[in-house]
Number of protein chains: 2
Amino acid sequence: MHSPLITHIRKFVSLTDEEATLLSSKLTQLKLRKKAFVLTPGKRCTANYFVVKGCMRLYFITDKDVEQITQFGIEDWWITDYDSLDRQQPSHFYIQAVEDCEVMVLEQKVQEELFKQIPVLERYFRLILQKAYTAAQRRMEYIFTMTEEERYRSFSTRFPAFNQRVPQYMVASYLGVTPQFISRVRAKKARIS
Amino acid sequence: MHSPLITHIRKFVSLTDEEATLLSSKLTQLKLRKKAFVLTPGKRCTANYFVVKGCMRLYFITDKDVEQITQFGIEDWWITDYDSLDRQQPSHFYIQAVEDCEVMVLEQKVQEELFKQIPVLERYFRLILQKAYTAAQRRMEYIFTMTEEERYRSFSTRFPAFNQRVPQYMVASYLGVTPQFISRVRAKKARIS
DNA sequence: CGCGACGTTGATTTGCCTCAACGATTGTGG
DNA sequence: CCACAATCGTTGAGGCAAATCAACGTCGCG
């Protein structure tokens, strides 16, 4: 029996048992209480986080002092601030546990070493990034072609489980609308059905 | 003297001259007249395009029959529909030359073979995708935190050259606003200065 | 119990779109 | 080479979707 991460990687590339063991030995497991942070603004992001269990959020505070969520990470998703990671600059993001979480921490330095020892990992992360990029593109399609009401409805049908696990105001923030707006849409929906 | 693509790759990874030659031999050069297409809806996207000279656009037609541009590609940028490429499904995008263009065509199949022969390419594309993903994330930040007027102003100061090379209505489409709106903002700007 | 976090509802405001008409420029066929 | 059409940008009037401001209800928790 292997960790969820190894299972996930093997969906994309093949990994020998030795490689899997080596990789596992380089990761640290982290249990997080709801609302715990692994990154706060001003700090450099030095790791990539794989969510084994629970739900994380990546967000920042806008000029108008509003939380803007840019990404959620649930089971089998990586979450990090690639910009800070890449440029080795302080982040302006928070990464926080929305629920009690279990994550695997892959430090950037360790990742670089592992790429030398397990070249196929480079491929794995290329594929992961391609998927993430495609998802980001699609999200922009939704933003540009749908009204906010359509976007909310679409979101809540495409990710029903999601919609239950995170509070309304976070969904609102992720969709870029106000909590009041979502409340109204829900009220309308309820009245119809 | 090497091709712009080799030069670009060498900014990210090191490539032997043999590798560079091999790679070059696997690429085809393509000259495009303004308004020529390399991808249209219904066709599968089978290649990744590197813009050597000129400007390309990736766009689709919305339900309301409006062109929505999701990406521009200028010198030293790759442009493709990763979704179609990845899932081997018909695309719903157009990829078109905005100006007369010169592009290098890397067929997906060829790319896969090359990864075996030149493993470091895998790293190159991982890094490119990471940059693209980060840019997409930042674009969403702009979308969520700025008004459309601010977004236009920000865009035209951050990419002044850009703003001159593509017609207004394409900038409008990329920013998700109407051409009329941009026109009004420009009028306002002119009145002030 | 009392306080803070979260959600709801109503009234008003506003940023941008839509529709429409009209110049200016480009480009194309006779 | 000119005439006419198509393309692109501008401007005005009116409308609407969602934000903002504000007050209130409710639940969970220290």
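Residues numbered from 1 in each chain as written. Chains lettered and ligands numbered in written order. Predicted model: local features only at pLDDT ≥ 70, side-chain atom pairs only at ≥ 80, totals over all residues. Heavy atoms only, no water.

Enquirer: Before we move on, can you summarise the pairing of strand E3 (residues 47-53) of chain A with the specific residues and values?
Expert: Residues and elements named next belong to chain A. Across the 7 residues of E3, 6 count as buried, placing the element largely inside the fold. As judged from the 6 bridges shared by E3 and strand E8 (residues 101-107), these two strands associate in the antiparallel manner. Note that in E8 the partner of valine 51 across the bridge is valine 103. Where E3 lies against strand E6 (residues 78-79), 2 bridges are found, and the strand directions are antiparallel. (Buried < 20%, exposed > 50% of the residue type's maximum accessible area, 1.4 Å probe, protein only. Helix = DSSP H or I, 4+ residues; strand = E, 2+ residues; numbered from the N terminus. Pairing = 2+ DSSP bridges.)

Enquirer: Describe in detail the interface of chain A and chain B, supporting the description with residues and values.
Expert: Residue-level contacts link 37 residues of chain A with 37 residues of chain B. When chain A packs against chain B, the two sides together hide about 3,400 Å² of surface, and 61% of this comes from carbon and sulfur. Its largest share of buried area at the contact with chain B, chain A owes to Arg126, Tyr133 and Phe144 of chain A, together 21% of the area lost on that side. Where chain A meets chain B, there are 10 salt bridges. For arginine 126 of chain A, the salt bridge goes to glutamate 112 of chain B, with nearest N and O atoms at 3.9 Å. Run the count over chain A and chain B and you get 12 residue pairs in polar contact (both at pLDDT 80 or more). Listing elements by their share of the side of chain A that touches chain B, those giving two or more residues are strand E4 (56-61), strand E5 (67-73), helix H3 (82-87), helix H4 (108-117), helix H5 (120-145) and helix H8 (168-175) of chain A. Taken together, the residues of the side of chain A that touches chain B break down into 15 nonpolar, 10 polar and 12 charged. (Contact = heavy atoms within 4.5 Å. Buried area = accessible area lost by both parts, 1.4 Å probe. Salt bridge = Lys/Arg side-chain N within 4 Å of Asp/Glu carboxyl O. Polar contact = N/O pair within 3.5 Å; in protein donor to acceptor, adjacent residues only side chain to side chain. Nonpolar A, V, L, I, M, F, W, Y, C, P; charged D, E, K, R; others polar.)

Enquirer: Would you mind going over the confidence of the model for chain A in detail, with residue names and values included?
Expert: Fine structural detail should not be taken from predicted coordinates in areas where pLDDT scores are low. With 97% of its residues at a pLDDT of 70 or more, chain A shows a mean pLDDT of 94. Element-level mean pLDDT values for chain A span from 83 in helix H9 (residues 179-192) of chain A up to 98 in E6 of chain A. (pLDDT = per-residue confidence, 0-100.)

Enquirer: Go over the relation of the copies chain A and chain B with me, naming the residues and quoting the values.
Expert: Note on the identical chains: chain A maps onto chain B by a rotation of 180 degrees and an axial translation of 0.0 Å, with an RMSD of 0.0 Å. Viewed as a symmetry operation, the transformation between the two copies matches a two-fold axis. By C-alpha distance to the rotation axis, the residue of chain A lying nearest is arginine 126 of chain A, at 2.2 Å. Most of the interface of chain A is mirrored in chain B: 100% of its interface residues are interface residues there too. (Least-squares fit on C-alpha atoms with pLDDT ≥ 70 in both.)

Enquirer: Please give an account of the side chain of threonine 80 of chain B that cites residues and values.
Expert: Residues and elements named next belong to chain B. For threonine 80, the location among the structural elements is in the loop between strand E6 (78-79) and helix H3 (82-87). Threonine 80 gets classed as buried once you look at its relative accessible area, which sits at 4%. Within the local environment of threonine 80, its side chain forms a polar contact with the backbone oxygen of alanine 47, the two atoms lying 2.7 Å apart.

Enquirer: Now, about the sheet that holds strand E2 (residues 37-39) of chain A: what can you tell me, with residues and values included?
Expert: Strands sit in the order E2-E7-E4-E5 (chain A) across an open sheet of 4 strands; the sheet is antiparallel. Only two strands of the sheet have a single partner each, and these edge strands are E2 and E5 of chain A. Neighbour-to-neighbour, the strand axes of the sheet open up by a mean angle of 30 degrees, direction not taken into account. Looking at chain direction, E2 of chain A and strand E7 (residues 94-97) of chain A are connected through 2 bridges and run antiparallel. The residue of E7 of chain A that forms the bridge with phenylalanine 37 of chain A is glutamine 96 of chain A. The strands that helix H5 (residues 120-145) of chain B touches are E4 and E5 of chain A; relative to E5 of chain A, the one it contacts most, it runs at about 145 degrees. (Axes fitted to C-alpha atoms, helices over the stretch in contact; angles between N-to-C directions.)

Enquirer: Can you lay out the packing of helix H6 (residues 148-158) of chain A against H8 of chain A for me, pointing to particular residues and giving the numbers?
Expert: Residue and element names in this part refer to chain A. The interhelical angle for the contact between H6 and H8, taken along N-to-C directions, is 120 degrees, at an axis separation of 11 Å. As summarised for this structure, H6 and H8 are arranged oblique, according to the angle between their axes. The element H6 and its partner H8 pack so that their crossing is right-handed. Taking contact as the criterion, the partners of Arg151, Tyr152 and Phe155 in H6 are, on H8, Gln168, Val171, Tyr174 and Leu175. The residue inventory of the contact of H6 with H8, partitioned by class, reads 5 nonpolar, 1 polar and 1 charged. (Parallel < 35°, antiparallel > 145°, perpendicular 65-115°, else oblique. Left-handed = near helix turned anticlockwise from the far one by under 90°.)

Enquirer: So, the sheet that holds strand E4 (residues 56-61) of chain B: which residues are in play, and what are the values?
Expert: Across the sheet, 4 strands lie side by side as E2-E7-E4-E5 (chain B); this open sheet has antiparallel pairing. The open sheet is flanked by strand E2 (37-39) and strand E5 (67-73) of chain B, the only strands paired with a single partner. Ignoring strand direction, the axes of neighbouring strands in this sheet form an average angle of 30 degrees. Sheet contacts for H5 of chain A: E4 and E5 of chain B; angle to E5 of chain B, the most-contacted strand, approximately 145 degrees.

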